[in-house]
4 protein chains.
Amino acid sequence: MRRLRVGLAGLGRIGRIHAQNLARRCPSAELVAITDADAAAAARVGAELDVPVVPDLDALLSTVDAVVIATPTATHAALVAAAAAAGKAVFCEKPVSLERSATVDTLAAVEKAGVPFQVGFHRRFDPDWAAATARIRAGELGEVYLFRTSLRDMRSPDPSYLSSSGGFFLDVTIHDLDTARWMVGEIVEVSATGAALSDPRFAELGDIDTALVTLRFASGALGVIDNSRSAGYGYECSTEVVGSAATVRIENPPPRHYRWLTPGSDARGIPRDFQERYPDAYAAELEAFARSVLAGEPPLVGGADALAAYDLAVACDRSWRMGRSVRLAD
Amino acid sequence: MRRLRVGLAGLGRIGRIHAQNLARRCPSAELVAITDADAAAAARVGAELDVPVVPDLDALLSTVDAVVIATPTATHAALVAAAAAAGKAVFCEKPVSLERSATVDTLAAVEKAGVPFQVGFHRRFDPDWAAATARIRAGELGEVYLFRTSLRDMRSPDPSYLSSSGGFFLDVTIHDLDTARWMVGEIVEVSATGAALSDPRFAELGDIDTALVTLRFASGALGVIDNSRSAGYGYECSTEVVGSAATVRIENPPPRHYRWLTPGSDARGIPRDFQERYPDAYAAELEAFARSVLAGEPPLVGGADALAAYDLAVACDRSWRMGRSVRLAD
Amino acid sequence: MRRLRVGLAGLGRIGRIHAQNLARRCPSAELVAITDADAAAAARVGAELDVPVVPDLDALLSTVDAVVIATPTATHAALVAAAAAAGKAVFCEKPVSLERSATVDTLAAVEKAGVPFQVGFHRRFDPDWAAATARIRAGELGEVYLFRTSLRDMRSPDPSYLSSSGGFFLDVTIHDLDTARWMVGEIVEVSATGAALSDPRFAELGDIDTALVTLRFASGALGVIDNSRSAGYGYECSTEVVGSAATVRIENPPPRHYRWLTPGSDARGIPRDFQERYPDAYAAELEAFARSVLAGEPPLVGGADALAAYDLAVACDRSWRMGRSVRLAD
Amino acid sequence: MRRLRVGLAGLGRIGRIHAQNLARRCPSAELVAITDADAAAAARVGAELDVPVVPDLDALLSTVDAVVIATPTATHAALVAAAAAAGKAVFCEKPVSLERSATVDTLAAVEKAGVPFQVGFHRRFDPDWAAATARIRAGELGEVYLFRTSLRDMRSPDPSYLSSSGGFFLDVTIHDLDTARWMVGEIVEVSATGAALSDPRFAELGDIDTALVTLRFASGALGVIDNSRSAGYGYECSTEVVGSAATVRIENPPPRHYRWLTPGSDARGIPRDFQERYPDAYAAELEAFARSVLAGEPPLVGGADALAAYDLAVACDRSWRMGRSVRLAD
């Protein structure tokens, strides 16, 4: 069985998840090198996974067929462009950039180089979401009337830590915007409301920790997204799509499938973060990336999807700031 | 709308439930008199419900069309016989008697008098159980393979208090034995195991607090009952019937239909006793009794059912004591 | 036990539900007379429930302590005013009127007469909602961050039939607006989106069948309501309130508590309409009305609540028509 | 990272599952060779997984550190003995043999050789079961009162095909007997009932397709197992353990975590076989085997467990045939 030779740049939280999945759970990929600006951290991961560490992206590019970019957002555009120029297939965490022009230029460079490109919208590859969406696309739901989704973190990071996140909508809501497009189709109008409720520092920084976004799809269907940085009880990622023939509810399953009964209480667990919620999706997105590259087929979620979700997130931000709905440019 | 004039004898826990239901929740019944050996208790209930109190059964019989007997078990047989002799319709809590001969004689007296008789197997009238059983009887389950039921109390009464209960199987299991007959059909063999686990006094009294009973139905199907006096987490009454075409699971619903989420825990409530579990069944059994009497139709669960469940409970007791299965007499 | 002598005007669908509950399930009320413009219909209900039929409101008022008004909306204001002038306690279905001035005038007449007044927001009396809300009000949820509710009908009535409903927001959303106020507090801003998706006649009539409303509460919390006239799968009424200390989810329980398993499918039922969803709430609101009148205490949901929900529904309608958020007047 | 060099013998259904897991999902193992009596089947699997095929066990043993034996039951004992004699760590599917003497002799040979030995009770390694059992063992359940478990297949294989299975209890119930011992402790008495309900050929072959087994644990706790070869609705593997401080229910989760709502029905999927029910347990048991061998620690479930479960299954068979309970020899 041929395996795609992959190099990984960036070993922060999501980077380490990718490293472990590439090393252990992606039969179509072989993790052949890793790199990180923090050499000691790279050495630790390399030793743990028995993978060579290289000093920088150039060294990485010289030895691989494909790169996975999980570095800080500010570096994405340059690394993607360099990898594309070197003719490598590219998997890049979202967003490509916080700037639209940089995003457009980077995706143009990818297209010009003719290399495969996938963006890190992992939910598309989760088995539950993929199965439900396949049924929607097969028409089993009939005409879609209403889309509703929740994405909530249990606890916020320190607000100051979020200064380089691009803001709430580009950091959090973007995942739901991609999911909405994927499951129901193009979005023509958004209207966003936000509030800073859990910590006064959000307001001081001009940021929010809770948001509601209503959507109007090109089909006429309506949608609503609710997001929170501090839901308190746990991590939540669940969706409902109401159609004329059926309705589907993708659940937020407990991390372990048992119930624990004590006097008067029948309780299940709740996932505490995206790792507990998505034990398989992160491995599945990289395995799918490797398979599509090996097969010479375009990745399932590429540059156009990255740009569309970016534009929607920016439109949400504008809607929130202006206090009115925003139509997407045609 | 004509209403059945009902008198109630016995105002212990279940008697007070019956009093409230007859006074407030049974449109086909009118509670016209109550009596209890404890005159003060009777006066309190009478005042609360605005119902006349009478000194004894004779006074009760002189003013009603039907009696509901909720006195201590030892008095059931005599009261049923007296009411039947007076030509009154009779509803009697289970069991009719702890003695088989007294049970048989009492039921014979009822039959001779030609009065309607219903025994207090409330589960048959609970809307959930009734709906599920109707579907089984309509053949929607196909051929029944397996019956499984749990009846568990949250906490045991003091073991010494149970001395007049007739023992675990006549006190607790009898309800499940009736349910099994009702849902699946006649039982030809039982095998019972028991243990005293929650309190050493059960063993000292030669009693048990936990039991397993396996059943063989005349149809060939198998069944199993588990019972406990101290399940700890709450009251449980739930059943599963596995059939060739479908399987039904009657749930133990929470007392209130909401979930309460706290960090890492998604919890529903659990009923704490039979009142919380069966908010409607006790009213429904009395309403059904009144309706059948008014309509001149036989009650849905009568003397033959009371005797059959008694015999099965006694067979369980024998099986447990002898350590082997017991076949029911033909 | 003293009972409130109640008369009922209006025997349409909800009126017949009220009649049955008053006759059979409200121990603190006595249904002493009914009336309806359709004399034959009134005669049928009267015979079924053994309740006297009177020809009109005047006859009704002459014999009762309190009236329940369930006539067509256009008649509410006049009937409420007449009953108040006669010194009777009044329970009136929502809305009091489709016109604000008539609503205000009617409530002023009630206040002037000094009679108790309750409006038909039944959800406040449902045991599940009441229990959950009591816990929120007791502070168990901490600070509320997010309110989310769904109210959906299974199938729409014929669009033309809705011409006198006052529009989607006054007919449907008003219940959720009252619930939001009750559970979380005053609402200062609404933003509504709507669409006509299930039937082209909604659009032809300038109406909608699907709506999303986002709310901003005085506390700063956010809220979202989704409503549909044709969810297809069933009737839905469920709510989630996310707080800093806990989150509560009020479920849409199945009409019967069993699951039915067939090859590959584990299914529960779904209520088909508000009667299946709320077996107890309609009786409970009338029992609570009777009790509060008898006790001389103000009803739990009165004129100010009716007007506040009316104003919010009208604000939703304006928001939808203008395509922007609407702040409530101070 | 060091990996255990593993060879696999037997490429039937469970063998192919093991092959895929060893090749792709066990980071501590490396699948270096496979063999099967059907050379063409072995060639197909070898090509698919890019693993060398060898002609027989001898060839396998010459190149590996450990073997996984998934051949037909009749061959287990000899292969285990040969592997042990060659000094290889051994993982063997259950049962070691249908004969007690062969089982004992084989396990003695393993012990004499001093090689690690693990038997294929996969449930012990499933994340849900392992987590729940860890909490029981930590004492969080208090004293155990009752153990209840269901293991049911959706559809039976052809009865004739089961002739070499060793009978129902050795083929099916043995898994639950191991689970009971693992979760609650040693079993001192069993009582089994059985029936042939789904297909007359079971009775003709002197076999059964449905069984109930009650257990008495050394601790005094009671247990019950229900098993079926043709539950119809799906594959079921779920357990409840009732304790004095808490009760745990290990669920039978749906294969995909979404609900599908159609008019009046809210449905989740049901697993159809053990592969759908246990997506992780089979990989986890081999990964644990590899890790324990590499670490020089004894496997978590070894020869003594295999023999204990065998003896219990045989006792169930005797109990069923004799119609009475059977005490386990001390």
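Whatever comes next refers back to the structure up there.
Not measured: the values here are computed from a predicted model.

Chemist: Hey, could you run me through the overall build of chain A in this one?
Modeler: Scanning chain A from N- to C-terminus turns up 11 helices and 14 strands. Expected size for 330 residues packed as a compact globule is a radius of gyration near 20 Å; at 20 Å, chain A falls within 12% of this value. Considering only C-alpha atoms, chain A reaches an extent of 55 × 50 × 45 Å along its principal axes. Within chain A, the fraction of its 330 residues that count as buried is 62%.

Chemist: Hey, could you run me through the packing of helix 6 (residues 127–137) of chain A against helix 7 (residues 168–184) of chain A in this one?
Modeler: How two helices sit against one another is set out by the angle between their axes and by the gap between those axes. All names here are of chain A. Where helix 6 contacts helix 7, the axes come no closer than 9 Å and their chain directions differ by 40°. The pairing of helix 6 with helix 7 is recorded here as oblique in orientation. Residue-level inspection shows Trp129, Ala130, Thr133, Ile136 and Arg137 of helix 6 in contact with helix 7, the latter providing Thr179, Trp182 and Met183. Looking at the contact of helix 6 with helix 7 residue by residue, the classes come out as 5 nonpolar, 2 polar and 1 charged.

Chemist: How should the pattern of salt bridges be read in this particular structure?
Modeler: Any two side chains of opposite charge can pair, so long as their charged atoms come close to each other. If you walk through the whole model with that rule in mind, you get 104 salt bridges over all chains. Linking Asp311 of chain B and Arg100 of chain B is a salt bridge whose minimum nitrogen-to-oxygen distance equals 2.7 Å. Residue Asp311 of chain B is found in helix 11 (residues 303–322), and its partner Arg100 of chain B is found in helix 5 (residues 100–113); the two are separated by 211 residues along the sequence. In this structure Arg100 of chain B comes out as partly exposed when scored by relative accessible area, which is 40%. Residue Glu186 of chain D is joined to Arg181 of chain D by a salt bridge in which the shortest nitrogen-to-oxygen separation is 2.7 Å. Here Arg181 of chain D falls in the buried class, since its relative accessible area comes to 12%. Ionic contacts of the salt-bridge type, sharing partners, join the residues Arg148, Glu240 and Arg249 of chain A together with Arg152, Asp226 and Glu236 of chain C into one network.

Chemist: How do you make sense of unusual backbone geometry when you look at a structure like this?
Modeler: A negative phi angle characterises most non-glycine residues, just as the trans form characterises most peptide bonds. Residue Lys94 of chain A is joined to Pro95 of chain A through a cis peptide bond whose omega torsion reads -10°. Note that Pro95 of chain A resides in the loop between strand 4 (89–92) and helix 5 (100–113). We note that Asp50 of chain B has phi near 60°; this positive angle belongs to a residue other than glycine. Note that Asp50 of chain B resides in the loop between helix 2 (39–49) and helix 3 (57–61). Here Asp50 of chain B falls in the exposed class, since its relative accessible area comes to 52%.

Chemist: Can you walk me through the packing of aromatic side chains in this structure?
Modeler: In this structure the tally under the stated criterion is 24 aromatic pairs over all chains. Arranged with centres 5.8 Å apart and planes meeting at 65°, the rings of Phe91 of chain B and Phe289 of chain B form a pair that is edge-to-face. Taken together, the residues span a long stretch of sequence, with Phe91 of chain B in strand 4 (residues 89–92) and Phe289 of chain B in helix 10 (residues 281–295) at a distance of 198 residues. Classification of Phe289 of chain B by relative accessible area gives buried; the value is 1%. Between Phe168 of chain B and Phe169 of chain B, the ring centres sit 5.9 Å apart and the planes meet at 85°, which makes this aromatic pair edge-to-face. Accessibility classification places Phe168 of chain B together with Phe169 of chain B in one group, the buried group. Among the aromatic side chains, those forming a connected cluster through ring pairs are Phe168, Phe169 and Trp320 of chain A.

Chemist: So what exactly am I meant to see when it comes to the interface of chain C and chain B here?
Modeler: Many authors give the size of an interface as the accessible area that is lost as the parts come together. The interface is formed by 31 residues belonging to chain C together with 31 residues belonging to chain B. Between chain C and chain B the total buried area reaches about 3200 Å² when both faces are included, carbon and sulfur atoms providing 52% of it. Ranking the residues of chain C by area buried against chain B places His257, Tyr258 and Trp260 of chain C at the top, with a combined share of 23%. Our count for the contact surface shared by chain C and chain B stands at 6 salt bridges. A salt bridge links Asp128 of chain B to Arg256 of chain C, with the shortest nitrogen-to-oxygen separation between them at 3.0 Å. Those elements that provide at least two residues to the side of chain C that touches chain B are helix 6 (127–137), strand 11 (247–250) and strand 12 (258–262) of chain C.

Chemist: It is not clear to me how the interface of chain C and chain A should be interpreted in this structure. Could you clarify?
Modeler: If you look at the interface, chain C gives 34 residues, while chain A gives 34 residues. Surface buried jointly by chain C and chain A totals about 2700 Å² across both partners, of which 60% is contributed by carbon and sulfur atoms. When residues of chain C are sorted by the area they lose upon contact with chain A, Tyr145, Leu197 and Leu212 of chain C head the list and together hold 22% of the total. Run the count over chain C and chain A and you get 4 salt bridges. A salt bridge links Glu240 of chain A to Arg152 of chain C; the nearest nitrogen and oxygen atoms lie 2.8 Å apart. Going through the elements one at a time, strand 6 (144–152), strand 7 (187–195), strand 8 (210–217), strand 9 (222–228), strand 10 (236–243) and strand 11 of chain C are the ones with two or more residues in the side of chain C that touches chain A.

Chemist: Would you take a moment to explain the sheet that holds strand 4 of chain A for this structure?
Modeler: For sheets, the rule is that strands pair by backbone hydrogen bonds, running either parallel or antiparallel. Residues and elements named next belong to chain A. Here 5 strands make up an open sheet; going across it, the order is 2-1-3-4-5 and the pairing parallel. Here the strands that pair on one side only, and so sit at the sheet edges, are strand 2 (29–35) and strand 5 (117–119). Strand after strand, the sheet turns through a mean of 20° between neighbouring axes, direction not considered. The pairing of strand 1 (residues 4–9) with strand 3 (residues 66–69) spans 4 bridges and is parallel.

Chemist: In this structure, what is going on with empty space enclosed by the protein? I would like to understand it.
Modeler: Using a probe with the size of a water molecule, rolled over the atoms, empty space left in the structure can be pinpointed. Residue and element names in this part refer to chain B. Within the structure shown, the criterion is met by 5 cavities of 30 Å³ or more. Empty space within the second largest cavity amounts to approximately 50 Å³. In this structure, the second largest cavity is lined by Lys94, Pro95, Val96, Ser97, Thr103, Val119, Phe121, Ile174, Ala306 and Tyr310. Looking at side-chain class alone, the lining of the second largest cavity contains 7 nonpolar, 2 polar and 1 charged residues.

Chemist: Would you take a moment to explain the relation of the copies chain C and chain A for this structure?
Modeler: One chain copy maps onto the other through a rotation about an axis and a shift parallel to that axis. The transformation that overlays chain C on chain A combines an axial shift of 0.0 Å with a rotation of 180°, and the residual RMSD is 0.0 Å. Such a combination of turn and shift is consistent with a two-fold rotation axis. In terms of proximity to the rotation axis, the leading residue of chain C is Arg324 of chain C, whose C-alpha is 2.8 Å off the axis. Interface overlap between copies is the fraction of interface residues in one copy that are interface residues in the other; for chain C against chain A it reaches 100%, indicating a shared surface.

Chemist: What exactly am I supposed to notice about the pairing of strand 6 of chain C here?
Modeler: Consecutive side chains of a regular strand alternate in pointing toward one face of the sheet and then the other. Residue and element names in this part refer to chain C. Counting buried positions over the 9 residues of strand 6 gives 9, a clear majority of the element. Pairing of strand 6 with strand 10, which is carried by 8 bridges, proceeds in the antiparallel orientation. Along strand 10, the bridge assignment pairs Phe147 with Val241. Sheet topology note: the strand 6/strand 9 ladder contains 7 bridges and is parallel. Note that in strand 9 the partner of Leu146 across the bridge is Leu222.

Chemist: Even after reading the chapter, I still don't get the relation of the copies chain C and chain B, so can you show me in this structure?
Modeler: Relative to chain B, chain C is turned by 180° and slid 0.0 Å along the rotation axis, the superposed coordinates differing by an RMSD of 0.0 Å. By residue overlap, the copies meet face to face through one surface: 100% of the interface positions of chain C are interface positions in chain B.

Chemist: Just checking my understanding: could you explain the environment of Gly7 of chain C for this structure?
Modeler: Residues and elements named next belong to chain C. Positionally, Gly7 belongs in strand 1 (residues 4–9). Relative accessible area serves as the criterion here: at 0%, Gly7 is assigned to the buried category. Sequence separation of Gly7 and Val293 is 286 residues, and the distance between their C-alpha atoms is 14 Å. Residues contacting Gly7, with those up to four places away along its chain left out, are Leu31, Ala33, Leu60, Val64, Ala66, Val67 and Val68.

Chemist: Help me out: how do you make sense of the state of the cysteines in this one?
Modeler: A disulfide bridge is the covalent bond that connects two cysteines by way of their sulfur atoms. Residues and elements named next belong to chain C. A full pass over the atoms with the stated rule returns 0 disulfides over all chains. Cys92 takes part in no disulfide bond, and the closest cysteine sulfur to it belongs to Cys26, at a distance of 17 Å. With a relative accessible area of 0%, Cys92 lands in the buried category.

Chemist: Sorry, what's going on with the sheet that holds strand 1 of chain C here?
Modeler: Residues and elements named next belong to chain C. Pairing within the open sheet is parallel, and its 5 strands lie in the order 2-1-3-4-5. One side of each edge strand has no neighbouring strand; the edge strands of this open sheet are strand 2 (29–35) and strand 5 (117–119). On average, each strand axis in the sheet is inclined to that of its neighbour by 20°, with strand direction left out of account. Contacting strand 3 (66–69), strand 4 (89–92) and strand 5, helix 4 (residues 73–85) runs over the sheet at an angle of about 165° to strand 4. Where helix 10 (residues 281–295) meets the sheet, it contacts strand 1, strand 2, strand 3, strand 4 and strand 5, and its direction lies at approximately 160° from that of strand 4.

Chemist: I keep staring at helix 4 (residues 73–85) of chain A and nothing clicks. Help me out?
Modeler: The periodicity of an α-helix, 3.6 residues per turn, causes residues three or four positions apart to be oriented the same way. Residue and element names in this part refer to chain A. Over its 13 residues, helix 4 runs 19 Å from end to end, which matches the ideal 18 Å to within 8%, given 1.5 Å per residue. When helix 4 is considered as a whole, its buried residues turn out to be His76, Ala77, Leu79, Val80, Ala83 and Ala84. Tucked into the core, helix 4 has its buried residues touching helix 3 (57–61), strand 3, strand 4, helix 5 and strand 5. Downstream of helix 4 by a residue or two, Gly87 has a phi angle that is positive, lying close to 80°.

Conventions we followed
Residues numbered from 1 in each chain as written. Chains lettered and ligands numbered in written order. Predicted model: local features only at pLDDT ≥ 70, side-chain atom pairs only at ≥ 80, totals over all residues. Heavy atoms only, no water. Helix = DSSP H or I, 4+ residues; strand = E, 2+ residues; numbered from the N terminus. Rg over C-alpha atoms; globule rule 2.2 N^0.38 Å. Buried < 20%, exposed > 50% of the residue type's maximum accessible area, 1.4 Å probe, protein only. Axes fitted to C-alpha atoms, helices over the stretch in contact; angles between N-to-C directions. Parallel < 35°, antiparallel > 145°, perpendicular 65-115°, else oblique. Contact = heavy atoms within 4.5 Å. Nonpolar A, V, L, I, M, F, W, Y, C, P; charged D, E, K, R; others polar. Salt bridge = Lys/Arg side-chain N within 4 Å of Asp/Glu carboxyl O. Phe/Tyr/Trp six-rings, centres within 6.5 Å; stacked < 30°, edge-to-face > 60°. Buried area = accessible area lost by both parts, 1.4 Å probe. Pairing = 2+ DSSP bridges. 1 Å grid on protein atoms, 1.4 Å probe; cavity = no way out; pocket = protein on both sides within 12 Å on 5 of 7 lines; lining within 4 Å. Points joined across faces, edges and corners; volume = space filled by probe spheres on them. Least-squares fit on C-alpha atoms with pLDDT ≥ 70 in both. Disulfide = S-S within 2.5 Å. Expected span 1.5 Å × (residues − 1).

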